[in-house]
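# Architecture at a glance
The primary structure of each chain is shown beneath.
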Amino acid sequence: MKRKIITACFIIVCFLLQSTVFSKLQFASVRPNLMIVLTSAFGFMRGRKTGMAVGFSCGLLMDVCWGSVLGFYTLILTVIGYLNGSFKRLFFDEDIKLPLGLIAGSELAYGLTVYVCLFMMRGDFHFGYYLTHVIMPELVYTILVTIVLYQVILHVNRKLEAEEQRSASRFV
Amino acid sequence: MKIKNQNTLPSKYVLLILVVVCGILLGAERFMDGGGPLSWIANYTIVPMQRGISYVGTWMSDLTDNFATLSDLRKENEQLQERVDQLTIDNTRLSQEQYELERLQELYKLDQNYGDYEKVGAHVIANNGTNWFSSFTIDKGSEDGIRKDMNVLAGSGLAGIVTEVGPNYAQVRAVIDDESNISGMVLSTSDLCVVRGDLTLMEDGRIRFENLPNNDNEIQVGEQVVTSHISSTYLQGLFIGYISEINVDSNNLTRSGYITPAVDFSNLQEVLVITTTKAELTEADGSEDGGE
């Protein structure tokens, strides 16, 4: 229960930051994508189901507040959460390469999907431009933010896990 | 631990269920305007928080503005005073012309006045968090009389159009958004064109115009573009921006180019929403005509 509340807080705080504060902190007129970081991180830390749940709620928020169609971002983020959850077995706390790689991969997949579904389908074929001016800068900036945000998530996750283990051993 | 094991559904199926839910949501969008009950939930959870953050941000930027030096302010005051004098002179001249225009319009029975729409002020409380689209949230919604398709102004220019309304908030799609598409008109020659936002130009803060007929009317860089009379959602005569580049297309029939919008979208804080929609205006006209 405590974990769920904390996760919900993470989602809401990141969402608020992204729609207000980060619009003032743009580099090269892009902002990082915190929703992807959250979905991906919870995915490979906690497994497929948590990844999907976090992805679903992040996506729903994005759809309601930013999107033009309901369900589009929800679908992308749910799938991203699921796929990241598959890497749970390979995940170790100390290793930062896998998280960075996974988040970068998710971010790239997200960017490409948005381009294909919302731009290419409308007959907009400036793919090279979008790749160099939107997708890649967003990826780089997201990775930079990840280095900070990921530490926070990791720290909270460790604390919660320790607490859960303690309470579990108490009841055995 | 035992309770957890009882209701374990393989995650494959959970994914399948969620994907189906998303599919249903995508389909339901056609019948359900906006987010439906979800937008109502967002209205009472997310929007108040965004409002709080935006007020704190405004307060802080006001605080930094307070440190502007006195000499700067004096200089600015002098300049503004000069400007006021100039504008007063212009205003007198223009109001004389206005009287003349009204008299002539009366003679021609053209008594529609497009300049005076009723407006409601609103604060911008959040932006679109994706890098693909350019929309923003304002802190007025259906409870304040905001409805879909209302035009939004910032300063003197057109900022966007309301696309989604909740009880206490509304989503506005900016003119520079990639999906924005406006029927425009060059003010000096009354030639129609299509003004559309473009993500590739968003960085330079420009928008594109197309399909301007390549006729004898000479159009210079710096001329004003306003919304046209044939647009179905935008009211007539709202100022979009100045032409910054104009070229003849390779088909030699049309001209296209770029417009610098009148609104600075990077720093948008207050906007004005026009509480009349074009649909209402045309309907009212239609019923009047029918009555006669």
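Residues numbered from 1 in each chain as written. Chains lettered and ligands numbered in written order. Predicted model: local features only at pLDDT ≥ 70, side-chain atom pairs only at ≥ 80, totals over all residues. Heavy atoms only, no water.

### What about a nonpolar patch on the surface?
All names here are of chain B. Judged by side-chain polarity, Leu9, Tyr13, Leu16, Ile17 and Val21 come together as a nonpolar surface patch covering roughly 450 Å² of accessible area. Its location among the elements puts Leu16 in helix α2 (residues 11-28). Since its relative accessible area comes to 54%, Leu16 is described here as exposed. (Patch = residues over 30% accessible without salt bridge, like charges linked within 9 Å, V, L, I, M, F, W, Y side chains within 5 Å. Areas by Shrake-Rupley, 256 points an atom, 1.4 Å probe, with all protein chains shown as cover. Salt bridge = Lys/Arg side-chain N within 4 Å of Asp/Glu carboxyl O. Helix = DSSP H or I, 4+ residues; strand = E, 2+ residues; numbered from the N terminus. Buried < 20%, exposed > 50% of the residue type's maximum accessible area, 1.4 Å probe, protein only.)

### Quick word on the pairing of strand β6 (residues 181-186) of chain B
Residue and element names in this part refer to chain B. Burial analysis of β6 places 5 of its 6 residues in the buried class, the great majority of the element. For β6 and strand β7 (residues 192-196), the ladder comprises 5 bridges, and the chain directions are antiparallel. Each residue of the ladder has a partner; that of Met185, found in β7, is Leu192. Of the pairings in the sheet, the one linking β6 to strand β9 (residues 224-227) comprises 3 bridges and is antiparallel in character. Bridged to Gly184 within β9 is Thr227. (Pairing = 2+ DSSP bridges.)

### Quick word on the confidence of the model for chain B
Chain-level statistics for chain B give a pLDDT mean of 83 and a share of 90% at 70 or above. Predicted complex, confidence summary: ipTM 0.81, pTM 0.80. (pLDDT = per-residue confidence, 0-100.)

### Comments concerning the nonpolar core
Counting residues in hydrophobic clusters, the biggest one holds 105 residues, and the most contacted among them are Leu38 and Tyr110 of chain A together with Trp132, Ile138, Val195 and Val271 of chain B. Among residues more than four places away in sequence, those in contact with Val271 of chain B are Val120, Gly121, Ala122, Val124, Phe136, Ile138, Val152, Leu153 and Ala154 of chain B. (Core = buried A, V, L, I, M, F, W, Y, C linked by side-chain atoms within 4.5 Å. Contact = heavy atoms within 4.5 Å.)

### A short note on the pattern of salt bridges
A full pass over the atoms with the stated rule returns 12 salt bridges over all chains. Arg122 of chain A is the partner of Asp178 of chain B in a salt bridge, and the nearest nitrogen-oxygen pair spans 2.8 Å. Remark: Arg122 of chain A occurs in the loop between α5 (97-119) and α6 (127-171) and Asp178 of chain B occurs in the loop between β5 (170-174) and β6; the pair is interchain, linking two chains. For Asp178 of chain B, a relative accessible area of 8% gives the class buried.

### Section: the packing of aromatic side chains
Each aromatic ring pair is characterised by the separation of its centres together with the angle its planes make. The tally for this structure, following the rule as stated, stands at 14 aromatic pairs over all chains. Centroid distance Phe10 of chain A to Phe42 of chain A: 6.0 Å. Interplanar angle 70 degrees. Geometry classified as edge-to-face. A residue pair is termed long-range when its members are at least 10 positions apart, and Phe10 of chain A in helix α1 (residues 2-19) and Phe42 of chain A in helix α2 (residues 34-46) qualify at 32 residues. The same class applies to Phe10 of chain A as to Phe42 of chain A, namely buried. An angle of 55 degrees between the planes, with centres 6.0 Å apart, marks the rings of Tyr130 of chain A and Trp132 of chain B as tilted. You can see Tyr130 of chain A sitting in helix α6 and its partner Trp132 of chain B sitting in the loop between β1 (119-127) and β2 (135-138), one on each of two chains. Each member of the pair Tyr130 of chain A and Trp132 of chain B is classed as buried. We note Arg122 of chain A situated over the ring of Phe119 of chain A; from NZ or CZ to the ring centre the distance is 5.2 Å. Arg206 of chain B extends its terminal NZ or CZ atom over the ring of Tyr258 of chain B, reaching a point 4.2 Å from the ring centre. (Phe/Tyr/Trp six-rings, centres within 6.5 Å; stacked < 30°, edge-to-face > 60°. Lys NZ or Arg CZ within 6 Å of the ring centre and 35° of its normal.)

### Here's the deal with the interface of chain B and chain A
The partner chain A presents 49 residues to the 43 residues of chain B that form the contact. Taking both partners together, chain B and chain A bury about 4,000 Å²; carbon and sulfur atoms supply 66% of that area. For the interface between chain B and chain A, the tally reads 1 salt bridge. Of all the secondary-structure elements, those providing two or more residues to the side of chain B that touches chain A are α2, α3 (37-65), β1 and α5 (199-202) of chain B. Considering each element in turn, the side of chain B that touches chain A owes the most residues, 10 residues, to α2 of chain B. Class assignment of the residues belonging to the side of chain B that touches chain A gives a composition of 21 nonpolar, 15 polar and 7 charged. (Buried area = accessible area lost by both parts, 1.4 Å probe. Nonpolar A, V, L, I, M, F, W, Y, C, P; charged D, E, K, R; others polar.)

### As for the pairing of strand β4 (residues 157-165) of chain B
Residue and element names in this part refer to chain B. Most of β4 is tucked away, with 7 of its 9 residues classed as buried. Looking at chain direction, strand β3 (residues 151-154) and β4 are connected through 4 bridges and run antiparallel. Of the residues in β4, the one forming a bridge with Ala154 is Gly157.

### Structural notes on the environment of Gly257 of chain B
Residues and elements named next belong to chain B. Structurally, the position occupied by Gly257 is in strand β11 (residues 254-261). The buried category is assigned to Gly257, whose relative accessible area is 4%. Residues in contact with Gly257, not counting those within four places in the same chain, are Ile207, Arg208, Phe209, Glu245 and Ile246.

### Re the side chain of Asn151 of chain B
All names here are of chain B. As for its position among the elements, Asn151 is in strand β3. Assessed through its relative accessible area of 1%, Asn151 is described here as buried. From its side chain, Asn151 meets the backbone nitrogen of Leu235 in a polar contact 2.8 Å long. (Polar contact = N/O pair within 3.5 Å; in protein donor to acceptor, adjacent residues only side chain to side chain.)

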